[in-house]
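# Working through the structure, step by step
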Amino acid sequence: MGRPSPLGDEDRSDYAEVVDEVLASAEIQRLLAESGFSSGQLRIRALAAAPDTAHAHAAEYRAYAALRREVHGRRGDGVPAPLSGPGHQERPGAGALAVLGVLTPILAAVAGATFLLLGYGLRLTDSMAALADTLVRVGWVSLAIAAATSLISLVAVYRTAALRSAPGSAPGVNRSADLDRARETWRTALRDKAIRPFLLGELAEAGRAAAPGGPRFTPPAFARPDFTRPDFTGPGFSGPGLGTPDTGSPQLPDTRR
């Protein structure tokens with residue numbers, strides 16, 4: 001089995017649309033409410049996981065991409081596919097044969113009219129009877145050639161228009177309808193096989209992390225240091241006239257005379 005094809009730029013919008021569709025479903029919305037996960041975060045993860053989920057829808061995507069290349073190669077790239085080869089003839093186009101097909105009836109008609117005028121003119125003058133008869137015969141032959149080539153050119157124009165209306169397709173086969181069905185098949189596989197399982201897995205993991213019995217981070221218990229305030233005692237000072245049991249009070253001299 002080959003590696004899954006990466007999504008093209010024209011398919012990324014489809015991928016984002018399917019992601020939004022699955023996110024808006026009732027199942028995912030209920031799980032989002034239970035897990036506490038935000039819808040925006042889950043959408044970013046789903047968009048970033050496109051390469052990781054590519055294998056789940058690889059077969060459907062390869063079929064869709066191959067059919068799209070086939071259809072666009074026939075009508076969308078502006079370059080018609082070559083038709084020369086076994087069993088095919090080159091289409092009438094704007095080449096030398098097409099130019100001759102247009103000019104031959106015109107030239108033959110002009111030549112025929114000219115020869116007829118000259119031939120009948122000579123007959124009226126009763127001169128050069130042999131030349132007049134020859135010119136008349138050549139003129140009628142030229143007009144017959146002009147009519148035949150005009151009919152052939154008309155048939156070729158209709159055939160070219162019919163071929164260009166359905167290039168490379170069998171009658172009754174609508175390749176655009178096949179392409180639309182292949183696109184829907186791929187989008188269904190993308191939704192059911194890739195995006196929905198991925199979102200359910202992300203929500204289940206978020207739910208396990210938020211469960212009561214799940215692993216939690218508890219900060220370490222730091223012991224508070226046991227500090228005791230030092231016992232400070234003031235110095236044994238006393239005011240005047242106040243004594244302490246150990247020291248006597250100073251006696252002031254008697255100044256009364």
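Description of the structure in this document. Just so it is clear, the structure is predicted and the values come from calculations on it, not from any experiment.

## Remarks on the packing of helix α1 (residues 12-23) against helix α3 (residues 39-48)
Taken N-terminus to C-terminus, the directions of α1 and α3 make an angle of 140°; their axes are 10 Å apart at the nearest point. Every pair of crossing elements has a handedness; the one defined by α1 and α3 is right-handed. Touching Tyr15, Ala16, Val19, Asp20 and Leu23 of α1 are Ser39, Leu42, Arg43, Ala46 and Leu47, all from α3. Along the lines of polarity and charge, the residues of the contact of α1 with α3 split into seven nonpolar, one polar and two charged.

## So, α1
One turn of the α-helix equals 3.6 residues, which is why residues spaced by three or four share an orientation. Taking 1.5 Å of rise per residue, the twelve residues of α1 would be expected to cover 16 Å, and the 17 Å separating its terminal C-alpha atoms lies within 8% of that figure. Among the residues making up α1, those that are buried are Asp14, Tyr15, Ala16, Val18, Val19, Val22 and Leu23.

## Considering a nonpolar patch on the surface
Among the surface-exposed residues, Val99, Val102, Leu103, Ile106, Leu107 and Val110 lie close enough to one another that they form a single nonpolar patch of about 540 Å² accessible area. The residue valine 102 is located in helix α5 (residues 96-124) in this model. We classify valine 102 as exposed; its relative accessible area is 51%.

## Examining the nonpolar core
Of all hydrophobic cores here, the largest spans 25 residues; its most connected members are Tyr15, Ile28, Leu42, Leu190, Ile195 and Leu199. Elements supplying a minimum of two residues to this core: α1, α2 (26-35), α3, α4 (58-75) and α7 (175-210). A per-element tally of this core places α7 first, with nine residues. If sequence neighbours within four positions are ignored, leucine 199 has contacts with Val22, Leu23, Ile28, Leu42 and Ala46.

Calculation notes
Residues numbered from 1 in each chain as written. Predicted model: local features only at pLDDT ≥ 70, side-chain atom pairs only at ≥ 80, totals over all residues. Heavy atoms only, no water. Axes fitted to C-alpha atoms, helices over the stretch in contact; angles between N-to-C directions. Helix = DSSP H or I, 4+ residues; strand = E, 2+ residues; numbered from the N terminus. Left-handed = near helix turned anticlockwise from the far one by under 90°. Contact = heavy atoms within 4.5 Å. Nonpolar A, V, L, I, M, F, W, Y, C, P; charged D, E, K, R; others polar. Expected span 1.5 Å × (residues − 1). Buried < 20%, exposed > 50% of the residue type's maximum accessible area, 1.4 Å probe, protein only. Patch = residues over 30% accessible without salt bridge, like charges linked within 9 Å, V, L, I, M, F, W, Y side chains within 5 Å. Areas by Shrake-Rupley, 256 points an atom, 1.4 Å probe, with all protein chains shown as cover. Salt bridge = Lys/Arg side-chain N within 4 Å of Asp/Glu carboxyl O. Core = buried A, V, L, I, M, F, W, Y, C linked by side-chain atoms within 4.5 Å.

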